[in-house]
Amino acid sequence: MERTKIQVLYDASNAVFSQKELPSFKQIQWLKSILDVLEAVDVGIDEFSLHRPSIKGRICGQAVSEITYIHIHECDSFSIGVFCFPAGVTFPLHDHPGMTVLSKILYGSLYIKAYDWVKVDKSSCRINGLAGAVVDGMFNAPCEPSILFPRSGGNIHSLTALTPCAILDVLSPPYSEEMGRPSTYFSDFPIPSLPGYAILEEKDMPQDLVVAGAPYLGPPVDEATMLA
Ligand SMILES: [Fe+2]
């Protein structure tokens, strides 16, 4: 039987992120190409339906009323999940410590702002919270998956939904307080005399940030499977 697209993504993520070595550029590009062909329907979301009930057994993307996380998989090496947003909601500026994140917008439009820390030479010393903007613009599905790395690609980002939208994320390794990979939130203060740069200040998780959970209704993912 042909594997589902989410199974192919799981198997490939497992092969790339469960290995001992860091993933190669080629492997990341391979994962990106797999993520690129995934659509909302492949993870059990009906992106078009305006009214409940949606097609039986699917999450109705247009009826999502708060930021909603659909958990698909998590192990020590990586996690796969989908964030659904209602229009107008912002997921505030946060980081992905030591993580590689591949993201595919499944439907809708988003405004994304992303920064990387400005480092002194190649050391890991930050300059007093100085960060450079690497992404500042609107993204509409369908578009290529984005990839952020521990030190590049916009590791610290905020997302504002311009329409109802959903993003499929593969995170490696996953967030873990225990393993020293918490999510930290920031305020950004642009520097008028230095366009494209801002000072980022850590802050507590915003009190108005609510992330609801929803069950995964897509095709089952066999976590015992073989190679990609
Ligand atoms: Fe994020």
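The notes below deal with the structure included here. Every residue gets a number counted from 1 within its own chain, in the order that chain's sequence is written. Totals for whole chains, interfaces and linings use every residue, but because this is a predicted model, local features are given only for residues with pLDDT of at least 70 and side-chain atom pairs only at 80 or more, for both listing and counting.

**Side note on the sheet that holds strand E3 (residues 68–74)**
Logical step 1: The criterion for strand pairing is that DSSP finds at least two bridges linking the strands in question. Note on conventions: DSSP H or I runs of at least 4 residues are helices, E runs of at least 2 residues are strands, and numbering of each starts at the N terminus. What the 6 strands build is an open sheet, ordered E9-E6-E11-E4-E3-E14; its pairing is mixed. Only two strands of the sheet have a single neighbouring strand rather than two, namely strand E9 (146–148) and strand E14 (212–214). For this sheet the average axis-to-axis angle between neighbouring strands, irrespective of direction, equals 25°.
Logical step 2: Where strand E6 (residues 100–107) lies against E9, 3 bridges are found, and the strand directions are antiparallel. Bridging from a neighbouring strand, Leu 102 pairs with Ile 147 of E9.
Logical step 3: Sitting on the sheet, helix H1 (residues 5–17) touches E3, strand E4 (79–85) and strand E11 (165–172), and the angle it makes with E4 is about 130°.
Logical step 4: Relative to the sheet, helix H2 (residues 25–36) contacts E6, E9 and E11, its axis offset from that of E6 by approximately 20°. A fitted line through C-alpha atoms represents every axis, and for helices the fit uses only the stretch in contact; the resulting angles, taken between N-to-C directions, go from 0 to 180 degrees. The contact criterion used here is simple: two residues whose C-beta atoms, placed from the backbone, lie within 7 Å are in contact.

**Remarks on unusual backbone geometry**
Logical step 1: Cis rather than trans, the peptide bond between Ala 141 and Pro 142 has omega equal to 0°.
Logical step 2: In this structure, Pro 142 sits in the loop between strand E8 (126–140) and E9.
Logical step 3: Here the bond from Ser 172 into Pro 173 is cis, since omega is -10°, no more than 30 degrees from zero.
Logical step 4: Mapped onto the elements of the fold, Pro 173 is located in the loop between E11 and strand E12 (185–190).

**Topic: the nonpolar core**
Logical step 1: By definition, a nonpolar core groups buried Ala, Val, Leu, Ile, Met, Phe, Trp, Tyr and Cys residues that connect through C-beta atoms lying within 7 Å of each other. Field definition: a residue is buried when 20 or more other C-beta atoms are found within 10 Å of its C-beta, exposed when 12 or fewer are, and partly exposed for counts in between, with C-beta atoms placed from the backbone. The biggest cluster of nonpolar side chains holds 40 residues, and the ones touching the most others in it are Leu 35, Val 43, Val 82, Leu 106, Cys 165, Ala 166 and Ile 167.
Logical step 2: Within the residue set of this core, elements represented by two or more residues are H1, H2, E3, E4, E6, strand E10 (156–161) and E11.
Logical step 3: The leading source of residues in this core is E11, at 6 residues.
Logical step 4: In this structure, Cys 165 is in contact with Phe 85, Ile 105, Tyr 107, Gly 108, Ser 109 and Leu 110, ignoring residues within four places of it in sequence.
Logical step 5: If you look at the next biggest cluster of nonpolar residues, it comprises 9 residues, including Leu 93, Tyr 115, Ile 156 and Ala 198.

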